[in-house]
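# Descriptive analysis of the structure
Below are the chains, spelled out letter by letter.
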Number of protein chains: 2
Amino acid sequence: MIIKNGGVCSPKGFKAAGAATGIKAGSSKKDMALIVSDVMCNAAAVYTQNKVFGAPITVTRQNIADGKAQAIICNSGNANTCAPGGVELAEKVCEMTGEALNLQATDIVVASTGVIGQKLEIEPFEKGIPLLAGMISAHKGNEAAEAIMTTDTVPKSIAVEFEANGVKCTVGAIAKGSGMINPNMATMLSFITTDAGITSEMLRKALSKDIKTSYNQICVDGDTSTNDMVVLMANGMAGNPVIDGEGEAFDSFCKALNQVTVHIAKCLARDGEGATKLIECNVSGAPDDETARVISKSVITSDLLKVAIFGADANWGRVLCAIGYAQGDFATDNIDVSMSSNVGSVLVCLGSRHNPYSEEEASRILSEEEITINVNMNQGEGGATAWGCDLTYDYVKINGDYRS
Amino acid sequence: MIIKNGGVCSPKGFKAAGAATGIKAGSSKKDMALIVSDVMCNAAAVYTQNKVFGAPITVTRQNIADGKAQAIICNSGNANTCAPGGVELAEKVCEMTGEALNLQATDIVVASTGVIGQKLEIEPFEKGIPLLAGMISAHKGNEAAEAIMTTDTVPKSIAVEFEANGVKCTVGAIAKGSGMINPNMATMLSFITTDAGITSEMLRKALSKDIKTSYNQICVDGDTSTNDMVVLMANGMAGNPVIDGEGEAFDSFCKALNQVTVHIAKCLARDGEGATKLIECNVSGAPDDETARVISKSVITSDLLKVAIFGADANWGRVLCAIGYAQGDFATDNIDVSMSSNVGSVLVCLGSRHNPYSEEEASRILSEEEITINVNMNQGEGGATAWGCDLTYDYVKINGDYRS
């Protein structure tokens, strides 16, 4: 499976662009992205489960209800959430985008990310939408990735190839993350494109299954955002026989999709606000996969564990503590924990008891930038992985002074 | 109702002491406390709901099953959790305490707090228990409070008087908190004494009701410890008619108990690891009290909100976000939020929308050490309060290097 750099523009027939329109006050940073397919797409989406949600989610949910979409307009710097006239503005943005592209307003996906509670003005869109419509190209996927960033330090983008019934197809994605990251049946903004032919129904099926092992398994700070949104669009331009049911082609598609989303999920965790390290927690031997998912996510969500990893401290007691307060029915009396990185591995806990190890060796291993915590529950066949990041001085700095 | 300073020794017939026995390696800090009643007590306790729990919890649960206890032995510096031979050691400690005090081992409460996963040795107890048994007095409640501290910066202690059937009674308590604080049907270590006469059954009833509005409503870091324990002991030496059912005397007792536990809860939140501010969240207008409790606790648990308060930033969007992901069935379209301290109050959100306010005024208000966030859900009669603290650089510092 080949990894490509074009992101959402790697699949055939997708164009994109990013521009600075002045939403991020006093900044020349890009703040608006447009992604367009040459032809109508089948589409599926998942959204935040937060009961407080942004106006763009209301509008996108309406527009995508028919399983069709052709373009995505997204701004960063302002979430258009708990802000006056939010829904009207989001609808107007879809109208303007439709006009600029000669599409129906109801075929536009609209998304926003940034500060909650401040009015989002129409002027940046009046300037930005025609500008972006004139700029879009198949080489600007990374500009779009850049334009949706808030406190992200790097753009997130990937694409992979797969075969469906012998026809080469591609899945690509961009995403933003960084803070307020604890997706629940959704994630931060992530836009995924494919040139595979596949029905809206099968897209929804693939997406809802996929996020359980990708976006819903990451956590930066335990705060589930009001604006999480993942949109998956398929334009069929690869020319494969349309995937309209289970089978080998659908499995290939799901596998490629999961490669893309897991890659992006890890990028989001690694680039968590203030993070210096990616933490991966693999749980095996759990009663079932769902329990393993809950346990692995509990471990990477623990503030105490996150700070310990920042301090390169193999404090496995905090791992057992976080396992112990995870919801679910499981035994805790025979748990093994090891911690590893690319310079070595150390078994720190055996049978839920201290296993003698060298603190110096552990500290050396935990000083690397990618840390893996392996947990064996020793009671079943269930397994799962979750990704998080360390909690650092910079997280406090970034969020203590985010708006100024 | 009179507030006294004697803590657990304020009620008649209770003695205590604290000493340094060397459990906290390389430190001369007190690490062992003993609390003894002159006569047998009725007793009740609640424990952590973490599925990984310390050996002392196993032993105390056995010893208190008959609703009787007469002394408490507690060490700090080592949690005796996930450590080899933990239960045997805890049982041995009860035996040794019983011998020193001429009591049954099964009438001793044993508790531990500190690092998880390291073997707790018997030697400090061989030295400490006889020492403490010889030192106990009715004037050393505060020494016991000091001896159970880990990263706490101040001892927590209080006592209040109340009347039961015209007889003056007292309830006193000590506690330790600081980190790994997110009690769930229990709390950090808290030992509560009273000279009121009251049956074990009514003690259990009072305690299980009480913690819902006190200890279970605080959060420092979202990590529910493995060693949480609240013990309530009543020796009857005030001479009141024994409280054996509902009624005025029971209500007086519950009210005094709640004064003590809410005071201690606030002390624990204020002294959270690295904290510079106490955050109180009052929720009103919720569908019911339970929903209000969940909402208020969600707000004070949000890392993003905690960091915003550290930065004196009236970022009410984070309050609405934390309300929105709280579990429960409630509307989010008409929420008012104000933030206040002893220098003023500012209404930042009205009807779930931005309410114009001066950022400078808000910053001045939020620069104080006690911050109140008032949330009106505008949909019912339910109300609740929760307490937390800000998340600071020092939290990261303390926990990135806790064991070294």
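A brief structural summary. Note that the coordinates shown come from a computational prediction; the quantities given were computed from them, not determined experimentally.

### Let's talk about the relation of the copies chain A and chain B
Rotating chain A by 180° and translating it 0.0 Å along the rotation axis places it on chain B, where the RMSD comes to 0.0 Å. Interpreted geometrically, this transformation is the action of a two-fold axis. Relative to the rotation axis, the C-alpha of A:Tyr393 is the closest in chain A, positioned 2.6 Å from it. Most of the interface of chain A is mirrored in chain B, where 100% of its interface residues are also at the interface.

### Regarding the packing of aromatic side chains
Residues and elements named next belong to chain A. All told, the structure shown has five aromatic pairs over all chains when counted by the stated rule. Relative to tyrosine 393, the ring of phenylalanine 310 lies with its centre 5.6 Å away and its plane at 85°, an arrangement referred to as edge-to-face. One end of the pair, phenylalanine 310, is in helix H8 (residues 303-310); the other, tyrosine 393, is in helix H11 (residues 393-400), with 83 residues separating them in the sequence. Taking the ring centre of tyrosine 47 as reference, the NZ or CZ of arginine 61 above it sits at 4.7 Å. Across from the ring centre of phenylalanine 53, 5.6 Å away, lies the NZ or CZ of arginine 61, which sits over that ring.

### With respect to the pairing of strand S12 (residues 336-341) of chain A
All names here are of chain A. Across the six residues of S12, six count as buried, placing the element largely inside the fold. Of the two faces of S12, both are covered, the one formed by Asp336, Ser338 and Ser340 as well as the one formed by Val337, Met339 and Ser341. Relative to strand S15 (residues 370-376), S12 runs antiparallel, the two sharing five bridges. Paired with aspartate 336 across the bridge in S15 is asparagine 376.

### Things to note about the interface of chain A and chain B
Each side of the interface is counted separately: chain A has 53 residues, and chain B has 54 residues. Between chain A and chain B, the buried area comes to about 4,400 Å², and carbon and sulfur atoms account for 57% of it. Put simply, chain A and chain B have zero salt bridges between them. Along the contact surface separating chain A from chain B lie 14 residue pairs in polar contact (both at pLDDT 80 or more). For the side of chain A that touches chain B, a count of residues per class yields 23 nonpolar, 19 polar and eleven charged.

Basis of the calculations
Residues numbered from 1 in each chain as written. Chains lettered and ligands numbered in written order. Predicted model: local features only at pLDDT ≥ 70, side-chain atom pairs only at ≥ 80, totals over all residues. Heavy atoms only, no water. Least-squares fit on C-alpha atoms with pLDDT ≥ 70 in both. Contact = heavy atoms within 4.5 Å. Phe/Tyr/Trp six-rings, centres within 6.5 Å; stacked < 30°, edge-to-face > 60°. Helix = DSSP H or I, 4+ residues; strand = E, 2+ residues; numbered from the N terminus. Lys NZ or Arg CZ within 6 Å of the ring centre and 35° of its normal. Buried < 20%, exposed > 50% of the residue type's maximum accessible area, 1.4 Å probe, protein only. Pairing = 2+ DSSP bridges. Buried area = accessible area lost by both parts, 1.4 Å probe. Salt bridge = Lys/Arg side-chain N within 4 Å of Asp/Glu carboxyl O. Polar contact = N/O pair within 3.5 Å; in protein donor to acceptor, adjacent residues only side chain to side chain. Nonpolar A, V, L, I, M, F, W, Y, C, P; charged D, E, K, R; others polar.

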